[in-house]
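Structural overview
One-letter residues, chain by chain:
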Amino acid sequence: MKDTIRYIERSTGKLELEKVFGEQAIRFLYNHSFGSRLNRFIARTPLISKAFGWWQKQFWTRRAVIPFIEAYDVDADEFLDSPNSYRSFNDFFIRKLKPESRPIDQNTESAVMPADGRYLFFQNIAHTEGYIVKGKKFSLQSLLGDEELANQYARGSMVIARLCPTDYHRFHFPVDCIPGAPKLVNGALYSVNPLALRKNINIFTENKRYITELDSKVFGKVLFIEVGATCVGSVHQTYTPDQPCKKGDEKGYFSFGGSSIIMLFEPNKIHFDDDLIKASQQRIEIRCLMGQSMGVSAASRFAEQTQELDVEPDQGDH
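Each value, and the rule that gives it
Residues numbered from 1 in each chain as written. Predicted model: local features only at pLDDT ≥ 70, side-chain atom pairs only at ≥ 80, totals over all residues. Heavy atoms only, no water. Helix = DSSP H or I, 4+ residues; strand = E, 2+ residues; numbered from the N terminus. Buried < 20%, exposed > 50% of the residue type's maximum accessible area, 1.4 Å probe, protein only. Contact = heavy atoms within 4.5 Å. Areas by Shrake-Rupley, 256 points an atom, 1.4 Å probe, with all protein chains shown as cover. Phe/Tyr/Trp six-rings, centres within 6.5 Å; stacked < 30°, edge-to-face > 60°. Lys NZ or Arg CZ within 6 Å of the ring centre and 35° of its normal. Pairing = 2+ DSSP bridges. Arc of directions from axis to C-beta. Axes fitted to C-alpha atoms, helices over the stretch in contact; angles between N-to-C directions. Core = buried A, V, L, I, M, F, W, Y, C linked by side-chain atoms within 4.5 Å.

What follows is about the overall build of the chain. A count of helices and strands for the chain gives 11 helices and 16 strands. Residues classed as buried in the chain amount to 50% of the 318 residues present. The long-range fraction of contacts in the chain, counting pairs at least 24 apart against all pairs at least 6 apart in sequence, stands at 74%. Put simply, the chain shows about 15,800 Å² of open surface, and 51% of that area lies on carbon and sulfur atoms.

This paragraph deals with the packing of aromatic side chains. Working definition: an aromatic ring pair is given by the centre-to-centre distance plus the angle between the planes. All chains considered together, the criterion is met by 18 aromatic pairs. Both rings, one in Phe79 and one in Phe92, keep their centres 6.0 Å apart while their planes meet at 55 degrees; by these two values the pair is tilted. With Phe79 in the loop between helix H4 (65-71) and helix H5 (89-93) and Phe92 in helix H5, this residue pair connects regions lying 13 residues apart in the sequence. No difference in accessibility class separates Phe79 from Phe92, as the two residues are buried. Taken together, Phe68, Tyr72, Phe79, Tyr86, Phe89 and Phe92 form an aromatic cluster joined through their ring pairs. The ring of Tyr7 is capped by Arg118, whose NZ or CZ atom sits 4.7 Å from the centre of that ring.

So, on to the pairing of strand E1 (residues 6-9). Within a regular strand, side chains alternate between the sheet's two faces. By the bridge criterion, four bridges tie E1 to strand E2 (residues 14-17) in an arrangement that is antiparallel. Its bridge partner lying in E2, Arg6 is registered against Leu17. Between E1 and E2, which pair antiparallel and follow one another directly, the connecting turn spans four residues, one of which, Gly13, has a positive phi of 80 degrees. Bridging between E1 and strand E15 (residues 285-288) involves three bridges; their strand directions are parallel.

What follows is about helix H10 (residues 274-281). Residues spaced three or four apart along an α-helix point in a common direction, a consequence of the helix completing one turn every 3.6 residues. Listed in full, the buried residues belonging to H10 are Leu276, Ile277, Ala279 and Ser280. Buried residues of H10 fall within an arc of 165 degrees about the axis and therefore sit on the same side. Exposed side of H10, more than 90 degrees from the buried face: Lys278 and Gln281 are the residues found there. Lining the buried residues of H10 we find E1, strand E4 (117-122), strand E14 (270-272), E15 and strand E16 (293-297). A positive backbone phi angle near 55 degrees is found at Arg283, which sits one or two residues after H10.

All right, on to the sheet that holds strand E6 (residues 170-172) then. Spatial strand order, E6-E12-E11: three strands in an open sheet with antiparallel pairing. On the outer flanks of this sheet lie E6 and strand E11 (235-237), each paired with one strand and no other. For this sheet, the mean angle separating the axes of adjacent strands, direction not counted, is 25 degrees. The pairing of E6 with strand E12 (residues 250-254) spans three bridges and is classified as antiparallel. Each residue of the ladder has a partner; that of Phe171, found in E12, is Gly252.

Of all hydrophobic cores here, the largest spans 34 residues; its most connected members are Tyr119, Phe121, Ile261, Phe265 and Met294. Of all the elements in the fold, those that place two or more residues in this core are E4, strand E5 (157-163), strand E9 (209-216), strand E10 (220-227), strand E13 (259-265), E14, H10 and E15. Not counting residues within four places of it along the chain, the set of residues in contact with Tyr119 comprises Met113, Pro114, Val159, Ile160, Ala161, Ser280, Ile284, Glu285, Ile286 and Cys288.

Relative to the helices and strands, Val222 resides in strand E10. Relative accessible area serves as the criterion here: at 0%, Val222 is assigned to the buried category. Each C-alpha atom of the pair Val222 and Met158 lies 9.9 Å from the other, and the pair is 64 residues apart in sequence. Residue contacts for Val222: discarding those within four places in its chain leaves Tyr153, Thr212, Glu213, Leu214, Leu264 and Phe265.

The next point concerns the pairing of E9. The buried fraction of E9 is high, at six of eight residues. Of the pairings in the sheet, the one linking strand E7 (residues 178-179) to E9 comprises two bridges and is antiparallel in character. Along E9, the bridge assignment pairs Ile178 with Asp215. Here three bridges tie strand E8 (residues 183-185) to E9, and the two strands are oriented antiparallel to one another. Residue pairing in the sheet places Leu184 in a bridge with Tyr210 of E9.

Generally, phi is negative for residues other than glycine and the peptide bonds are trans, each holding for most cases. For Asp242, which is not glycine, the phi dihedral falls at a positive 70 degrees. With respect to the secondary-structure elements, Asp242 resides in the loop between E11 and E12. A relative accessible area of 55% means that Asp242 is categorised as exposed. Backbone geometry at Arg283 places phi at a positive 55 degrees, although glycine is not the residue there. Checked against the element boundaries, Arg283 lands in the loop between H10 and E15.

By themselves, these are just geometric observations and shouldn't be taken as functional.
As structure tokens, this is what we get:
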């Protein structure tokens, strides 16, 4: 089918075809004139997403849990609780996992994936021709709502993580840090599926979002942005602002639906892992798991390269 979504599975390196939850509805809302008008109404009416969220919390929705797990090959062995224990579909959606199913990379100089999802990485935003599609970029100033802050990250590094309805939907701190309080930027609730983003990359700057500054000794000031989406009216923060947090500690979770996380690093603070950069240069998302390495501090990378070049000279014969 035209406009299929493919991604690289990081653990295998293989290109996979994504099974899109609600694909027909997304195509209708973004590819047809009536659907587009209806979509604008839905996205700009928070009550609709709230009503849908309320429905997914009702006990009768629990009967959809097992069929969903089977249809989308969700690994129930990773769940902290039994699939039969969930009281509603949303209860399943915000599930916790066994700690051993998501080990945290232990390199003290590394940043880790904050969530399960499909990722894009941009080492230098200023040198990027486009994000999802070549030639299409959104404005940092519009995303952050702050011109001075946008200028601070204009030549920095960016991560875009897309969480599908099939994914584990709790998100975690990518670095050791002291997090500030989240700042709400109100907005609409459009879908963040690539089928929608290919039509309008500015969805990221139009949707409701929360911006949190993470103060890290190793990576400087990192901006962590949770972006809501259709049927995701609620972003729940579970951390305590201004208290030290370790990478891998839970920051919060999304209620039902697809959603996104954007992270911004200041210039020359992080060097993403080579396989991540390679995939993103092809504009192919790479599916990663929470806790996996994202990259190392730029200072650490520079020291490593210097050490590799510092080869003992050949003594020769005398």
